[in-house]
Each structure stands twice: as C-alpha cells, then as structure tokens.
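Descriptive structure summary
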Amino acid sequence: MIKVDVSNNLHGIEQDIREACEKSGRSPEEVKLIAVTKYVTIERAKEAVENGIKDLGENRPEGLLEKKNAIGDEATWHFIGTLQSRKVKEIIDVVDYIHSLDRMSLAKEINKRASRVIDCFVQVNTSGEESKHGLEPSEVSEFIDKLVDYPNIRVAGLMTMAPNIEDETELRNYFRKLKELRDEISNRHLSHAPCMFLSMGMSNDYKIAIEEGATHIRIGTKLVGAELKR
Ligand SMILES: *Cc1c(COP(=O)(O)O)cnc(C)c1O
C-alpha cells in the first residue's frame, strides 16, 4: 500500500492552486479546497483537519455522520454525492452545504426537513454523459426559478462532475459551460439564488477547473488517498 502523506500532498496542491490562479489572474483566496474523505478512515480525515483543511466532503450519509461524530464543528461539512430523498433527514442537521441538488423532489424534501436555510449547489450534467447525475444545462434556469417556493433552500452555486478523460480542451469546455450558466443566474440577482460559487474540479482535473473559475475544488485521492476504496 502506498503511504499517504497528507501534508506533502497538500503542499503540492496549494502550489498548483497558486499557479492556476496566477495563470488565470485570480486570487488563491477565491478557491476553497474540500478534502473528500469518502475513501479514508476517520484518522486520515483528522489528519487533514490537523493540517489546516477546514472543509470535508462525503458522498454517503453514513460516511458524513461517522466523520462528523468524530470531528465535529471544527470542520465545515459538504455532502457531495447523490442524495436519496429518504436519507435527507439523516444529514440535514449536520450538513453545511449540499452539492448535489439535482431534482425537485429532493428540493422539496430538503425544504421540509430543514430547520434553517441550507446552502445548496445545483448539480449540472455539463458533459451529457448518461451515467452522470445532474440537470441538463438548458433546464437549470427554470429549475432555479421554481426553488423560490422553498424558503429553506438557498442556491449558493452550481456543481458539476466532469467525465474521467484526459482531453484538456474538452474538460475546459465543460467547466466553461458551468461558469456561463453561473454568470447568467448570478446576474439576475435572485434573493433565493445568489449563485456565486462553482464547485468543480477533482484529483484529475482541478488545475483546469481553477483556471476556468472554480471556487470549490473537491479532492480525494490526490490529497488524502483512497485506502478504503474497493
Ligand atoms: C469522489 C468524489 C470526488 C473526489 O474524487 P477524487 O478523484 O478522489 O479526487 C469529488 N467529487 C465527487 C462528487 C465525488 O464523488
């Protein structure tokens, strides 16, 4: 098994963030690094927090609850995976951001179960891949308009998962598409949808995502490893 060195990985990623920001005329402070701990132990997640990472992401309710119970409010908690409506009640009181709002039935359930306003990212399928969750780009605007009926939901931004490919030009196009959509929505100054943020970029593509405007990058493997991945 490869020995994971979170501190060393973090230094490399921070360097990449600085370089990508330099290249695109952005400030590194605009980019929040979320450590995706779904494939690692509680100990490894704690190591990330000890290294100064204050944002953790999980893609299953069980994983989020387990890590949150062990680590608590020291971190900000991001739910990044497909969320079944019946599981909403399990995480609603412990989660800070939901990155995977992709349908009206889920919005309805979040609104019903929440006892405060929940910051959500609307997930968009920018690549059109069958296997990817998320709304079609053409559906996003109307979807967000309808969310006005759900006062416990605030649209903080948009999220996408790019396909696992090498082609930089193609990846760039998916990230650009998401940024265009974000700009379109934020320019409407909707009070329920400030839509300031772009959650995009993972281990394989975060540099390109930052160059294209990512404000939240979600990194698992390259930062904390994936020792429990089966
Ligand atoms: C697992 C996952 C990540 C992190 O993936 P890595 O390639 O390990 O960096 C990011 N976003 C989502 C939605 C994920 O499910």
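Per chain, the residues get numbers from 1 upward, laid out in the order the sequence is written. In keeping with the model being predicted, local features are shown solely for residues with a pLDDT of at least 70 and side-chain atom pairs are shown and tallied solely at 80 or more, while totals for entire chains, interfaces and linings include all residues. Side-chain measures were taken over the full set of non-hydrogen atoms in the model, leaving aside hydrogen atoms and water.

As recorded in an unreviewed UniProt entry, the protein goes by Pyridoxal phosphate homeostasis protein and comes from Aciduricibacillus chroicocephali. UniProt positions are given in the numbering used here, feature names are shortened, and annotations may be inferred rather than shown by experiment. Comment text from UniProt for the protein, heading Function (unreviewed entry), reads "Pyridoxal 5'-phosphate (PLP)-binding protein, which is involved in PLP homeostasis." Listed in UniProt under the heading Sequence similarities (unreviewed entry), the comment for the protein reads: "Belongs to the pyridoxal phosphate-binding protein YggS/PROSC family."

**Some points on the overall build of the protein**
Within the protein, the regular secondary structure consists of 9 helices and 8 strands. Using C-alpha atoms as the atom set, the radius of gyration is obtained and then compared with a globule rule of 2.2 Å times the number of residues to the power 0.38. Its C-alpha radius of gyration of 17 Å places the protein within 12% of the 17 Å reference for a compact globule of 230 residues. Along the longest, intermediate and shortest principal axes, the C-alpha atoms of the protein span 50 × 40 × 30 Å. Partly exposed residues are those whose accessible area sits between 20% and 50% of the maximum for their type, while under 20% is buried and over 50% is exposed, using a 1.4 Å probe and protein chains only. The buried share of the protein, taken over its 230 residues, is 52%. Accessible surface, the protein: about 11,200 Å² in total, of which carbon and sulfur atoms supply 45%. Neither His nor the chain ends is counted toward charge; the positive residues are Lys and Arg and the negative residues Asp and Glu. We put the charge of a Lys on NZ, of an Arg on CZ, of an Asp on CG and of a Glu on CD. Both charge centroids of the protein, one from 34 positive and one from 40 negative side chains, sit 4 Å from each other. Only DSSP runs of H or I covering at least 4 residues are called helices, and only runs of E covering at least 2 are called strands; the numbering of each starts at the N terminus. We get accessible surface area from the Shrake-Rupley algorithm with a probe of 1.4 Å; when it comes to residues, only the shown protein chains can shield them.

**As for the site of the ligand**
The local shell around the ligand consists of V36, K38, I80, M159, M161, M202, S203, R218, I219, G220 and T221. Under this definition, polar contacts are N or O atom pairs within 3.5 Å; protein pairs additionally need one hydrogen-donor-capable and one acceptor-capable atom, and for neighbouring residues in sequence, both atoms have to be side-chain atoms. With respect to the ligand, the side chain of S203 contributes an N or O atom lying 2.6 Å from an oxygen atom. G220 is positioned with one of its backbone polar atoms (N or O) 2.8 Å from an oxygen atom of the ligand. Taking 390 Å² as the accessible area of the ligand by itself, protein coverage stands at 90%. Only Asp, Glu, Lys and Arg are considered charged, only Ala, Val, Leu, Ile, Met, Phe, Trp, Tyr, Cys and Pro nonpolar, and every remaining residue, Gly among them, polar. Residue composition of the shell around the ligand, by class: 6 nonpolar, 3 polar and 2 charged. Near is defined per residue: the residue qualifies when any heavy atom it owns lies within 4 Å of the molecule or strand.

**A word on the pairing of strand β3 (residues 76–79)**
Any two strands with at least two DSSP bridges between them are considered paired. Here 4 bridges tie strand β2 (residues 55–58) to β3, and the two strands are oriented parallel to one another. Within β3, the residue paired with E58 across the bridge is F79. With the strands pointing away from the viewer, any crossover whose connection runs clockwise from the first strand over the helix to the second is right-handed. As for the winding sense of the linkage, the β-α-β connection from β2 through helix α3 (residues 61–71) to β3 is right-handed. Relative to strand β4 (residues 97–101), β3 runs parallel, the two sharing 2 bridges. Looking at the pairing, H78 lines up with Y97 of β4.

**Looking at the UniProt feature "modified residue: N6-(pyridoxal phosphate)lysine" (unreviewed entry) in the protein**
The feature "modified residue: N6-(pyridoxal phosphate)lysine" (unreviewed entry), as given by UniProt, occupies K38 in the numbering adopted here. Along the chain, the position of K38 falls in the loop between β1 (32–36) and α2 (42–50).

**Section: the nonpolar core**
Most often, soluble globular proteins have nonpolar side chains that are buried together. The biggest cluster of nonpolar side chains holds 65 residues, and the ones touching the most others in it are L56, L101, I110, I144 and L158. In terms of residues, this core owes the most to one element, helix α1 (residues 6–24), which gives 6 residues. Throughout, a contact is declared for two residues whenever any of their heavy atoms are within 4.5 Å. The contacts of L56, once residues within four sequence positions are left out, are I34, A35, T37, A45, A48, V49, I71, A75, T76, W77 and H78. Each nonpolar core is a collection of buried residues, namely Ala, Val, Leu, Ile, Met, Phe, Trp, Tyr and Cys, held together in the definition by side-chain atoms within 4.5 Å.

**Considerations on α2**
Within α2 the residues assigned to the buried category are R44, A45, A48 and V49. All buried residues of α2 fall inside an arc of 150° around its axis, so they share one side. The exposed set on the far side of α2, more than 90 degrees from its buried face, consists of E43 and E50. Residues of α2 that are buried in the fold lie against α1, β1, β2, α3 and α9 (221–224). Of the residues trailing α2, G52 is marked for its positive phi of about 95°. Directions from the helix axis toward the C-beta atoms define the arc.

**A few points about the side chain of R182**
Relative to the helices and strands, R182 is located in helix α7 (residues 168–186). A relative accessible area of 11% places R182 in the buried class. A polar contact is formed between the side chain of R182 and the backbone oxygen of M196, at a distance of 2.7 Å.

**Description of the pairing of strand β5 (residues 118–123)**
Counting buried residues along β5, 6 of its 6 residues qualify, which places the element largely inside the surrounding structure. Alternating residues of β5 divide into I118, C120 and V122 and D119, F121 and Q123, and every residue in both groups is buried. Across 3 bridges, β4 lies against β5 in parallel orientation. If you follow I98 over to β5, its bridge partner there is C120. Crossover β4 to β5 through helix α5 (residues 104–113) is right-handed. Alignment of β5 against strand β6 (residues 153–159), held across 6 bridges, turns out to be parallel. What sits directly across from C120, in β6, is V155. The handedness of the β5 to β6 crossover, carried by helix α6 (residues 140–146), is right-handed.

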